[in-house]
Amino acid sequence: MDKLFSEKKMKGGGLYENIHAKRERISEGSGEKMRKAGSKGAPSKQDFVESAKTAKKKNGGSAKKSCW
């Protein structure tokens, strides 16, 4: 993957895009590790709740589940 593309992806994005980008870098052998839930700097449960409010499906529409 092009390094400029992944840097661009990290800058904008949001929570889900940043997580996806980091997983891609890890699978490519960057040596990074995902933070454990509850550790300093890791996204909290509230971060995911707030992020889900603005998340969008691939084909448009809201990604919010009706059971939330």
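Residues numbered from 1 in each chain as written. Predicted model: local features only at pLDDT ≥ 70, side-chain atom pairs only at ≥ 80, totals over all residues. Heavy atoms only, no water.

Enquirer: Can you walk me through helix α2 (residues 15–27) in this structure?
Expert: For an α-helix, the turn length of 3.6 residues means that residues three or four places apart are oriented alike. Here α2 is 13 residues long and its end C-alpha atoms lie 19 Å apart, about the 18 Å a rise of 1.5 Å per residue gives. Of all the positions in α2, only Ile19, Ala21, Lys22, Glu24 and Arg25 are classed as buried. A positive backbone phi angle near 95° is found at glycine 29, which sits one or two residues after α2. (Helix = DSSP H or I, 4+ residues; strand = E, 2+ residues; numbered from the N terminus. Expected span 1.5 Å × (residues − 1). Buried < 20%, exposed > 50% of the residue type's maximum accessible area, 1.4 Å probe, protein only.)

Enquirer: Would you take a moment to explain the packing of α2 against helix α3 (residues 45–54) for this structure?
Expert: The description of two packed helices rests on the angle between their axes and on the distance between the axes. Contact geometry for α2 and α3: axes closest at 9 Å, N-to-C directions at 110°. Judged by the angle between their axes, α2 and α3 are roughly perpendicular. In this structure, α2 uses Leu15, Tyr16 and Ile19 to contact α3, whose residues at the interface are Asp47, Phe48, Ser51 and Ala52. (Axes fitted to C-alpha atoms, helices over the stretch in contact; angles between N-to-C directions. Parallel < 35°, antiparallel > 145°, perpendicular 65-115°, else oblique. Contact = heavy atoms within 4.5 Å.)

Interpretation note: all reported values are geometric properties and have no functional meaning in isolation.
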